[in-house]
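Below, each chain spelled out in residue letters.
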Amino acid sequence: MKAVRFDEYGGVDVLQVREVEDPVAGPGQVLVAVRAAGINPGEIAIREGRLHERFPATFPSGEGSDLAGVVQAVDAGVSAFAVGDEVLGWTEQRASHAELVVVPADQLTAKPASVSWEVAGSLFVVGLAAYASVQAVAPQAGETVVVSAAGGGVGSVAVQLARRTGARVIGLAGEHNHDWLRRHDIVPVTYGDGQAERIREAAGGRIDAFIDTFGGGYVDLAIGLGVAPQRINTIADFEAVQRLGVHGQGTHAIATAALLAEVVGMVAGGSLEIPIARTFPLDQVRDAYRELAGRHIHGKIVLLP
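Below is a short write-up of the structure. Note that residues are indexed from 1 along each chain, following the sequence as it is written. Owing to the predicted nature of the model, reporting of local features is limited to residues with pLDDT of at least 70; listing and counting of side-chain atom pairs is limited to 80 or more, with chain, interface and lining totals taken over all residues. Heavy atoms from the whole structure form the basis of all side-chain values; hydrogens and water molecules are not counted.

**Considerations on the overall build of the protein**
- Secondary structure elements are defined from DSSP: runs of H or I of at least 4 residues count as helices, runs of E of at least 2 residues count as strands, and each element is numbered from the N terminus. For the protein, the helix and strand inventory stands at 10 helices and 14 strands.
- What you see for the protein is a C-alpha radius of gyration of 19 Å, in line with the 19 Å of a compact globule of 305 residues.
- Put simply, the protein has 305 residues, and 53% of those count as buried.
- Contacts are residue-level and defined by heavy atoms, with any inter-residue pair within 4.5 Å sufficient. Nonlocal contacts in the protein, meaning residues at least 24 apart in sequence, comprise 66% of its contacts between residues at least 6 apart.
- Using the Shrake-Rupley algorithm and a 1.4 Å probe, accessible areas are obtained, with residue cover drawn only from the displayed protein chains. Total accessible area on the protein is roughly 12700 Å²; 49% of this is exposed by carbon and sulfur atoms. In this description the radius of gyration comes from C-alpha coordinates, and the expected globular size is given by 2.2 Å times residues to the power 0.38. For every residue, the accessible area (1.4 Å probe, protein chains only) is compared with the maximum for its type, and the residue is labelled buried under 20%, exposed over 50%, or partly exposed between those bounds.

Next up, the structure:
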């Protein structure tokens, strides 16, 4: 099979698509032919070595967590899935950017027919990171919540989930994302110089909670806006978690197949949209990450092995 590999930390040029041995399902595992696999900013940080202390790579390293595909084989002890089933889920082995991946059965759930491969294959990381973020700050009906990078992969999901609580949601985003935010009943505010005053004006009063999906000083901005540390969550600024005592809840804090099934159910039911910015074939993985690194996309970039 073809799979993405890299032998050392570095930029996108270290990524290669190689022919490697097909994996084989072991006890409790399912072999999945990957139809779609999302890419995420955290994978860039891991590949560049910036997260070596937290998430070291073992070379040669694969990459990728999100996946959706068709079951090719199951271990004899697995009864929840059968060959031919359409599934989505995740791997903890940095292995989904490949044509085939072996996944524990308890990290998979059924893919609804109405959900596209692109969406299903990019749902785990952003869907559960957004869910965890909203859960951590616990917005209530009538409160005001601010979300940074509201047009991005996690942010675009977080604003929708926060709005479902009945809270008023302010989304920080570039102007090209403002119409999309308005269509989802989110108050758009342009990020950048002067954003604190624009947020205060949009809020028209107290700001109760802040969800940071980007890093780069947004936690300090939230503190400056008067948000209590226990009502702030960041998935990107680990230093601020230690320094200020804010929440740092992300995907793996709540990761279960049952919760993923709940999120994909929202998508299938039409109450949650997962924007897809662009898709790339596996052989163009470097181009996919170059585009992601620009951090100005709306929604998800997805590999199609």
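Continuing now.
**Here we look at the sheet that holds strand β11 (residues 209-212)**
- Spatially, 5 strands are ordered β10-β9-β8-β11-β12 in an open sheet, and the strand pairing comes out parallel. Of all the strands in the sheet, the pair left with one neighbour each is β10 (187-190) and β12 (232-234). Neighbour to neighbour, the strand axes of the sheet diverge by 15 degrees on average, direction disregarded.
- Inspection of the sheet shows strand β9 (residues 168-173) paired to β10 by 4 bridges, in the parallel sense. Bridged to L172 within β10 is V189.
- Sheet contacts for helix α3 (residues 123-137): β11 and β12; angle to β11, the most-contacted strand, approximately 155 degrees. In short, DSSP must find at least two bridges between two strands for them to pair. In this analysis, axes come from line fits to C-alpha atoms, helices being fitted only over the stretch in contact, and the angle between any two N-to-C directions falls in the range 0 to 180 degrees.

**Considering the side chain of K300**
- Considering the arrangement of structural elements, one finds K300 in strand β14 (residues 300-304).
- No salt bridge is formed by the buried K300; its nearest oppositely charged neighbour, D66, is found at 4.2 Å.
- Polar contacts here mean pairs of N or O atoms no more than 3.5 Å apart (in protein, one a potential hydrogen donor and the other a potential acceptor; neighbouring residues in sequence count only if both atoms are side-chain atoms). Of note is the side chain of K300, whose polar atom sits 2.9 Å from the backbone oxygen of I39. Counting rule applied: Lys, Arg positive; Asp, Glu negative; His and chain ends not counted. Salt bridges are defined as contacts in which a side-chain nitrogen from Lys or Arg sits within 4 Å of a carboxyl oxygen from Asp or Glu.

**Some details on the pairing of strand β4 (residues 66-74)**
- Taken together, the 6 bridges between strand β3 (residues 29-38) and β4 define a ladder with antiparallel strand orientation. Counterpart to A33 in the pairing with β4 is V70.
- In the sheet, β4 pairs with strand β5 (residues 86-90) via 5 bridges, with the strands oriented antiparallel. Among the inter-strand pairings, L67 is bridged to a residue of β5, identified as G89.

**Some words on unusual backbone geometry**
- Of note, the amide linkage connecting F59 to P60 takes the cis form, showing an omega dihedral of -5 degrees.
- Along the polypeptide, P60 turns up in the loop between α1 (41-47) and β4.
- Even without glycine at this site, A138 takes up a positive phi of about 50 degrees.
- Within the secondary structure, A138 sits in the loop between α3 and β8 (144-147).

**Section: the environment of S65**
- Along the chain, S65 turns up in the loop between α1 and β4.
- Along the sequence, S65 and D220 sit 155 residues apart, while their C-alpha atoms lie 30 Å from each other.

**Observations concerning the packing of aromatic side chains**
- Working definition: rings of Phe, Tyr and Trp (its six-membered ring) pair if their centres are within 6.5 Å, and the pair is stacked with planes under 30 degrees apart, edge-to-face with planes over 60 apart, and tilted otherwise. As enumerated under the stated definition, the model contains 5 aromatic pairs in all.
- Measuring from ring centre to ring centre gives 6.3 Å for F214 and Y218, while their planes differ by 85 degrees; the resulting arrangement is edge-to-face.
- Here a set of aromatic residues connected by ring pairs shows up, and it is made of F6, Y9 and F59.
- Positioned over the ring face of Y289 is R47, at 5.4 Å from the centre of the ring.
- Seen from the ring of W117, K111 lies directly overhead, with NZ or CZ sitting 4.7 Å from the centre. Any Lys NZ or Arg CZ that is within 6 Å of a ring centre and within 35 degrees of that ring's normal is treated as a charge sitting over the ring.

**A closer look at helix α10 (residues 285-293)**
- For α10, the set of buried residues is V285, A288, Y289 and L292. All buried residues of α10 project into a common sector of 90 degrees when viewed along the axis, lining one side.
- Here the buried face of α10 lies against β1 (2-5), β2 (16-19), α1, β13 (276-281) and β14.
- Once α10 finishes, R295 follows within two positions and takes phi at roughly 60 degrees, a positive value. In this description, the arc belongs to the directions extending from the helix axis to the C-beta atoms.

**With respect to a negative patch on the surface**
- Taken together, the side chains of E19, E21, D22 and E99 make up a negatively charged region of the molecular surface.
- For D22, the location among the structural elements is in the loop between β2 and β3.
- According to the relative accessible area criterion, D22 is partly exposed, its value standing at 46%. Every patch collects residues that have over 30% relative accessible area and no salt bridge, joining them within 9 Å if they carry like charges and within 5 Å if they are nonpolar side chains (Val, Leu, Ile, Met, Phe, Trp, Tyr). A charged residue contributes its charge at one atom only: NZ of Lys, CZ of Arg, CG of Asp or CD of Glu.

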